[in-house]
Amino acid sequence: MADDKKLTTRAEDFSAWYNELVLRSELADYSPVKGSMVIRPNGYGIWERMQRALDDMFKATGHQNAYFPLFIPESFLHKEAEHVEGFAPECAVVTHGGGKKLEEPLVVRPTSETIIYHMYAKWVQSYRDLPILINQWANVVRWEMRTRLFLRTLEFLWQEGHTAHATHDEAEEETLKILGVYRTFAEQWMAMPVITGLKTNSEKFAGALRTYCIEAMMQDNKALQAGTSHNLGQNFAKAFELQFQDENGQMAHAWNTSWGVSTRLIGGLVMTHGDDIGLRVPPRLAPIEIVIVPIWKNDDEKARLTEAALRVKAELVEWTGRGATDRLRVHVDLRDGMRSGAKYYEWELRGVPLRFELGPKDLEKQAVFAARRDTRAKQSLPMDGLPAAAAALLETIQQDMFRAAVERREANSVRGIPSYDAFKALMDGAGGFVYAGWCGSDACEAKVKEETKATIRCIPDAEFRSAEAPATCLRCGAPSQAEAVWAKAY
RNA sequence: CGGGGCGUAGCUUAGCCCGGUAGAGCGCCUGCUUCGGGAGCAGGAGGUCGGAGGUUCAAAUCCUCUCGCCCCGACCA
């Protein structure tokens, strides 16, 4: 059945398309425990690229990595009122160990604020000990009711940065600096455009003063919160007695920030760039940027073309035009007993950005036949100067993917929606991002959610706001306090 | 936790209404021929029909219980 080989299309059933794509491109698989998943090498390879890029950026902004433990005393969670309220329902709790009931249950971290600020309190005495700028790469557990591969699983991988500062302004600066890092990463590495902004009270992190976020639009026009950066104020410092003596000898509570992105980004990558053929990985995150498929008819050709393919790979990998540490990532598909056509489909499903076909005719011409994954455009590239041409093409693919994603988002964003009824109709149908006024009341926001399932994704930063600020609230018509981006979300 | 659906080979599934002891496609293994967009032929391996109990001469099929999964709602990176 030829149809068995095709994915359910996005238009038919977006959610089925997503699941099939993740499973069949071998990004991940279901594990025996409901709601948790195995990240397979294809998916983990992308995560490793993400980690490397982000980690470099964190280091460049003065952060260091450390590791805090998985288990947290249950009482820690209770020290910050909002925090416990937000996380207690979804915590996994260990009650037994070593065959005995524990005196105090241990919570499996849903996030690490409590344990980390407890430790910071031990380490900080003076303003001279500040700031502390630490990040950790870790797994966390949140006992979700409804799970989806990468987007929401019981356990996921992420990085969580936790900093402590002497002043509010310094903490705020840090919060915004990281938001900028996330935005740069999303745009330049993931080729995924995001809106930056501030979360409303109902959507902010449990225990934070303010939560900033990056929000991306998926191909079903729903929003995905792709990263958050919190100014925690002194809430945790007060709960954990994280104090220091300032220059005047006065005791003061530190100001904290925390920020994170997770493997959820892989889900965002799929829903931003995937098509009905499969995944499309932006070159900068692709574990394999170029796959070379040699084509042969008989043993003689097989020998010649295998040798030629390996030679092309060597030339590409040895090229240092992108810097000695950033070599082209190339794979040669030498599998026998599989036709070249079948190989093309498989690499397209997996999203490798560039494919070089190399057959006798190409060899004769001293060229490779190059196929772009993003546009599926094909062209012959001469062997002479191939590495530089390949690198340039990959860069073009990266830029084009970003541009296409921006265009799609803008095409599905609405400013100046005429009425709440029009909004309801839109959310009932195509969906999208709606820039509209908000009176500032939690109740109004909750009503909209109840009536349309849409929420305020963020109060967008200045550069995303409409030229003319909306005058009235989307729902109640009262004077608008802020322009908000409304959308249904994952 | 409420509503709906489904459990048969690695995957997709037919058979179930009307009981008679399991079949197909894909995938996998072997061989030959193939090879520029999902190869063809021949041979082969693989299933206690989610589990337990019941009805019956006989259960994938009927009944009861149970477990698991998926979809829709209340919570969420």
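Check the entry above for the structure.
Keep in mind that what you see is a predicted model, and the values were worked out from it rather than measured. (Residues numbered from 1 in each chain as written. Chains lettered and ligands numbered in written order. Predicted model: local features only at pLDDT ≥ 70, side-chain atom pairs only at ≥ 80, totals over all residues. Heavy atoms only, no water.)

### As for the sheet that holds strand β6 (residues 100-108)
Two strands in a sheet stick together by hydrogen bonds in their backbones, pointing the same way (parallel) or opposite ways (antiparallel).
Thinking step 1. Spatially, 3 strands are ordered β4-β6-β5 in an open sheet, and the strand pairing comes out antiparallel. The outermost strands of the open sheet, each flanked by one partner alone, are β4 (71-73) and β5 (92-97). Going from strand to strand, the sheet's axes swing by 50° on average, the running direction of each strand aside.
Thinking step 2. Here β5 runs beside β6; their pairing, made up of 5 bridges, is antiparallel. Looking across to β6, one finds that H96 is bridged to K101. (Pairing = 2+ DSSP bridges. Helix = DSSP H or I, 4+ residues; strand = E, 2+ residues; numbered from the N terminus. Axes fitted to C-alpha atoms, helices over the stretch in contact; angles between N-to-C directions.)

### A closer look at the packing of helix α2 (residues 41-60) against helix α6 (residues 168-189)
What describes two packed helices is the angle between their axes and the distance between those same axes.
Thinking step 1. The geometry of α2 relative to α6 is characterised by a closest axis approach of 11 Å and an angle of 140° between their N-to-C directions. The orientation of α2 relative to α6 falls into the category oblique. The handedness of the crossing between α2 and α6 comes out as right-handed. The segment α2 lies against α6, with R49, M50, A53, L54, M57 and F58 engaging V181, Y182, F185 and W189. (Parallel < 35°, antiparallel > 145°, perpendicular 65-115°, else oblique. Left-handed = near helix turned anticlockwise from the far one by under 90°. Contact = heavy atoms within 4.5 Å.)

### Let's talk about the packing of aromatic side chains
For any two aromatic rings, the description comes down to two numbers: the centre-to-centre distance and the angle of the planes.
Thinking step 1. Scanning all chains against the criterion turns up 15 aromatic pairs.
Thinking step 2. Ring plane angle 75° and centroid distance 6.5 Å describe the contact between F58 and Y182, whose orientation is recorded as edge-to-face. Here Y182 lies in helix α6 and F58 lies in helix α2, a separation of 124 residues in the sequence.
Thinking step 3. Centre to centre, the rings of Y117 and F236 are 5.8 Å apart; their planes meet at 45°, and the pair counts as tilted. (Phe/Tyr/Trp six-rings, centres within 6.5 Å; stacked < 30°, edge-to-face > 60°.)

### Examining the protein's contact with RNA strand B
Thinking step 1. Taken together, 36 residues surround RNA strand B, and among them R146, R152, R264, R355 and D362 come closest.
Thinking step 2. The sugar-phosphate portion of RNA strand B accounts for 44% of its atoms within 4 Å of the protein, the bases making up the rest.
Thinking step 3. Within the contact set of RNA strand B, a phosphate oxygen lies 3.1 Å away from a side-chain nitrogen or oxygen of K453.
Thinking step 4. Within the residue set of the surface near RNA strand B, elements represented by two or more residues are α10 (340-350), β17 (354-358) and α11 (360-365). (Near = heavy atom within 4 Å. Polar contact = N/O pair within 3.5 Å; in protein donor to acceptor, adjacent residues only side chain to side chain.)

### So, the pairing of strand β10 (residues 210-217)
Thinking step 1. Among the 8 residues that make up β10, 7 are buried, leaving the element largely enclosed by the rest of the structure.
Thinking step 2. Note that strand β9 (residues 195-198) and β10 share 4 bridges and pair antiparallel. Paired with G197 across the strands is C213, a residue of β10.
Thinking step 3. Where β10 meets strand β11 (residues 223-233), 8 bridges bridge the pair, whose relative direction is antiparallel. Among the inter-strand pairings, M217 is bridged to a residue of β11, identified as A223.
Thinking step 4. Counted between consecutive antiparallel strands, the loop separating β10 from β11 contains 5 residues, among which N221 sits at a positive phi close to 70°. (Buried < 20%, exposed > 50% of the residue type's maximum accessible area, 1.4 Å probe, protein only.)

### Examining the environment of C213
Thinking step 1. Within the element layout of this structure, C213 appears in strand β10.
Thinking step 2. Here C213 falls in the buried class, since its relative accessible area comes to 0%.
Thinking step 3. For the pair formed by C213 and A60, sequence separation is 153 residues and the distance between their alpha carbons is 21 Å.
Thinking step 4. Once residues lying within four places of it in the same chain are set aside, the contact partners of C213 are L179, I195, T196, G197, K199, G227, T228, R457 and C458.

### Looking at the pattern of salt bridges
Thinking step 1. The full count for this structure, using the stated rule, is 32 salt bridges.
Thinking step 2. Here D275 ties to R373 by a salt bridge, and the two come within 2.7 Å at their closest N and O atoms. Here the residue D275 occupies a position in the loop between α8 (264-273) and β15 (290-294), and R373 occupies one in the loop between β18 (367-372) and β19 (378-382), the gap between them amounting to 98 residues. Accessibility assignment for this pair places D275 and R373 in one class, buried.
Thinking step 3. For R355, the salt bridge identified is with E357, shortest N-O distance 3.0 Å. Per residue, the accessibility class of R355 equals that of E357, and both read buried.
Thinking step 4. Overlapping salt bridges, with partners in common, bring together E26, R40, D333, R335, K343, E346 and R350 in one network. (Salt bridge = Lys/Arg side-chain N within 4 Å of Asp/Glu carboxyl O.)

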